[in-house]
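The primary structure of each chain is shown beneath.
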2 protein chains.
Amino acid sequence: MTPVEDPADPRLADYAGLTDVALRRRLEPAGGLFMAEGEKVIRRALDAGHPMRSMLLTPRWVETMSDLITRTEAPVHVVSPELAEAVTGYHVHRGALAAMGRLPLPEAGTLLSGARRVVVLEAVNDHTNIGAVFRSAAALGMDAVLLSPDCADPLYRRSVKVSMGAVFSLPYARLTGWPAGLATVADAGFRLLALTPDPAAADLAEAVADAGGGRLALMLGAEGDGLTERAMRASHERVRIPMAHGIDSLNVAAAAAVACYALGSTA
Amino acid sequence: MTPVEDPADPRLADYAGLTDVALRRRLEPAGGLFMAEGEKVIRRALDAGHPMRSMLLTPRWVETMSDLITRTEAPVHVVSPELAEAVTGYHVHRGALAAMGRLPLPEAGTLLSGARRVVVLEAVNDHTNIGAVFRSAAALGMDAVLLSPDCADPLYRRSVKVSMGAVFSLPYARLTGWPAGLATVADAGFRLLALTPDPAAADLAEAVADAGGGRLALMLGAEGDGLTERAMRASHERVRIPMAHGIDSLNVAAAAAVACYALGSTA
């Protein structure tokens, strides 16, 4: 545990420019790291087996985190709130940040072999939405999430935070090729249900009931655009959540929650 | 339709300081107005019968809105984007704002007499969450929303926007007295279900099935705090959404969507 007083200290390099989304999107996956923010999230990341590279704490968090400081061999940098802000670019009101190591992602096939209910996301680029979908999917009993190659990073700081750490509890993998990667899911015995607001689609609850307990994969697209036509063509069935009061759609986080509930409650 | 060039022009008074939440919270309900932002929301507000007090447009929106301009007798102020920003305090990227008149809210008893499924919100103070709950509740077939006296205003600009105009389609009322107002709901023959993450509560789906098609009121509290103990004591039954993967709760918008779906699909 060492105090650091120079914002340019190279030991703080992992924490520099945290508000520069474009920079962090490039730097973090390439460097094999991600940022955990706040006591709870840091503990959940550690419990999930992620190695700690280092921790940055403001003085008032040292006592709360003392068990972690004892347990870890990673360097712990103690800095003033002003220095934390100078380095990261924002006011770190949670007072504790950790640079954590990524673990190799499992293969989609490995995840699918042990799963009965999965969520497949296409081009969900918004970190808040990715985090929200993980939180709901984990809470509502999905077994795994599969991401199209162009989905945003579930371990980006904002996703981790919005997911309340669910990105550590719910296993996920990236499909290679799109929509070709969907064949991996279908070949594993999953019925692919493509969620759409299209009134011509089947009622989700009926589609789930028709599957009679078989393996189901729920496909979701990004806010606004939804699933692409080519992804829908690769599905077995188009499904919708019935709408009332002339409302044409739910936002993607609400739709994901409802659909996961509809799948999970019959699992 | 008149061009306005002075940000201090008294005709623009309704649009001044739109980013000052505290000011607008006080001023709008007292003045009997609310702000509708963007073409879609303005049209939905008009379709719902709200009178227009005035409209503020940037020049490129004049043509798109020409049918409304012809139809309304309200003054239409055409201003430059820079002037719109100077008056409102933010960059009005949707280019169209309308000051609309409020309608008298119905009595809770009136709404309840024609309803079978209602949502009751306690102390939901966040405008984004209020909007999200209205959108989901409307889409998923609830008949009305009842608000505790300390809930935020569904017609606040942010709520209207997040609801995608659902605040105009789904009727709502404010309960007077809390939790005493809940007696109005129970007296109208509704079974009050209090949503909580408490693992000791009954499974929501089972509680809905047990009600056998009877009238149901779903009670929801604010993000983080949830329902107060006194509100829960005034309910008939505490219900939960079953959770997996060690996740302890959903966020309030996701929980509302799932619970409305569970209620709506049996209505």
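Identification of chain A as RNA methyltransferase from Streptomyces sedi is taken from an unreviewed UniProt entry.

### Comments concerning the UniProt feature "domain: tRNA/rRNA methyltransferase SpoU type" (unreviewed entry) in chain A
The feature "domain: tRNA/rRNA methyltransferase SpoU type" (unreviewed entry), as given by UniProt, occupies residues 118–261 of chain A in the numbering adopted here. With 35% helix and 19% strand, residues 118–261 of chain A has its two end C-alpha atoms placed 12 Å apart.

### So, the pairing of strand S5 (residues 96–101) of chain B
All names here are of chain B. Extensive coverage of S5 is indicated by the burial of six of its six residues. Neither face of S5 is open: one carries Ala96, Ala98 and Met100, the other Leu97, Ala99 and Gly101, and all of them are buried. One ladder, built from five bridges, connects strand S2 (residues 33–37) with S5; its direction is antiparallel. Its bridge partner being in S5, Phe34 is matched across the sheet by Met100. One ladder, built from five bridges, connects strand S3 (residues 52–57) with S5; its direction is antiparallel. What sits directly across from Leu56, in S5, is Leu97.

### Quick look at the sheet that holds strand S7 (residues 144–147) of chain B
Within a sheet, each strand pairs with its neighbour through backbone hydrogen bonds, oriented either parallel or antiparallel. Residue and element names in this part refer to chain B. Taken together, seven strands build an open sheet; the order of strands is S8-S7-S6-S11-S9-S12-S10 and the sheet is parallel. Among the strands making up the open sheet, the edge pair consists of strand S8 (172–174) and strand S10 (202–203). Sheet topology note: the S10/strand S12 (residues 237–240) ladder contains two bridges and is parallel. When the bridges of S12 are listed, Asp203 appears paired with Arg240. In the packing of helix H6 (residues 127–139) onto the sheet, the strands contacted are strand S6 (117–121), S7 and S8, and the crossing angle to S6 comes to about 175 degrees. Where helix H12 (residues 252–264) meets the sheet, it contacts S6, strand S9 (191–195) and strand S11 (216–220), and its direction lies at approximately 170 degrees from that of S11.

### Describing H12 of chain B
Residues and elements named next belong to chain B. Over its 13 residues, H12 runs 18 Å from end to end, which matches the ideal 18 Å to within 8%, given 1.5 Å per residue. A large share of H12 lies buried, amounting to 12 of its 13 residues. Residues of H12 that are buried include every one of Val252, Ala253, Ala254, Ala255, Ala256, Ala257, Val258, Ala259, Cys260, Tyr261, Ala262 and Leu263, and no others. For H12, the capping residue at the N-terminal end is Asn251, with a side-chain oxygen 3.0 Å from the backbone nitrogen of Ala253.

### Notes on the relation of the copies chain B and chain A
Placing chain B over chain A gives an RMSD of 0.0 Å and needs a rotation angle of 180 degrees, together with 0.0 Å of translation along the axis. Each copy turns onto its partner about a two-fold axis. When the interface residues of chain B are mapped onto chain A, 100% of them again lie at the interface, so the same face is used by both copies.

### A word on the side chain of Thr58 of chain B
All names here are of chain B. Relative to the elements of secondary structure, Thr58 occurs in the loop between S3 and helix H3 (66–71). The exposure class assigned to Thr58 is buried, which follows from its relative accessible area of 7%. Setting aside anything within four residues of it in sequence, one finds Thr58 in contact with Val79, Ser80, Pro81, Ala84 and Gly95.

### Quick look at the environment of Leu195 of chain A
Residues and elements named next belong to chain A. The topology assignment puts Leu195 in strand S9 (residues 191–195). Distance from Leu195 to Glu82, taken between C-alpha atoms, is 46 Å for residues 113 residues apart in sequence. Setting aside residues up to four positions removed in sequence, Leu195 forms contacts with Leu218, Met219, Leu220, Leu227, Val239, Arg240, Ile241, Ala255 and Ala259.

### A closer look at unusual backbone geometry
Omega for the peptide link from Trp178 of chain A to Pro179 of chain A comes to 5 degrees, which places this bond in the cis form. As for its placement among the helices and strands, Pro179 of chain A is situated in the loop between strand S8 (172–174) and helix H9 (182–187). Its identity as a non-glycine residue notwithstanding, Met164 of chain B has a phi of 55 degrees, on the positive side. With respect to the helices and strands, Met164 of chain B occurs in the loop between helix H7 (157–162) and helix H8 (166–169). Residue His245 of chain B is not a glycine yet carries a positive backbone phi of 55 degrees. Tracing the backbone shows His245 of chain B in the loop between S12 and H12. For His245 of chain B, a relative accessible area of 33% puts it in the partly exposed group.

### Here's the deal with the interface of chain B and chain A
Chain B puts 27 residues into the contact, and the matching count from chain A is 27 residues. Taken together, both faces of the contact between chain B and chain A bury some 2,200 Å²; the carbon and sulfur share is 62%. Among the residues of chain B in contact with chain A, Arg135, His245 and Tyr261 of chain B are the three that bury the most area, contributing 30% of the side total. There are zero salt bridges connecting chain B and chain A. Summed over the shared surface of chain B and chain A, the number is eight residue pairs in polar contact (both at pLDDT 80 or more). Going through the elements one at a time, H6, H8 and H12 of chain B are the ones with two or more residues in the side of chain B that touches chain A. Considering only residue class, the side of chain B that touches chain A consists of 18 nonpolar, six polar and three charged.

### Some details on the domain arrangement of chain A
All names here are of chain A. In terms of domains, chain A is made up of domain 1 (2–101) and domain 2 (108–264). Between the C-alpha centres of domain 1 and domain 2 there is a distance of 32 Å. Counting residues at the interface gives 17 residues for domain 1, matched by 12 residues for domain 2. Summed over both sides, the interface of domain 1 with domain 2 buries roughly 1,300 Å², with 58% coming from carbon and sulfur.

Cut-offs and rules
- Residues numbered from 1 in each chain as written.
- Chains lettered and ligands numbered in written order.
- Predicted model: local features only at pLDDT ≥ 70, side-chain atom pairs only at ≥ 80, totals over all residues.
- Heavy atoms only, no water.
- UniProt positions renumbered as here; feature names shortened; annotations may be inferred.
- Helix = DSSP H or I, 4+ residues; strand = E, 2+ residues; numbered from the N terminus.
- Buried < 20%, exposed > 50% of the residue type's maximum accessible area, 1.4 Å probe, protein only.
- Pairing = 2+ DSSP bridges.
- Contact = heavy atoms within 4.5 Å.
- Axes fitted to C-alpha atoms, helices over the stretch in contact; angles between N-to-C directions.
- Expected span 1.5 Å × (residues − 1).
- Polar contact = N/O pair within 3.5 Å; in protein donor to acceptor, adjacent residues only side chain to side chain.
- Least-squares fit on C-alpha atoms with pLDDT ≥ 70 in both.
- Buried area = accessible area lost by both parts, 1.4 Å probe.
- Salt bridge = Lys/Arg side-chain N within 4 Å of Asp/Glu carboxyl O.
- Nonpolar A, V, L, I, M, F, W, Y, C, P; charged D, E, K, R; others polar.
- Domains from an automatic or database assignment.

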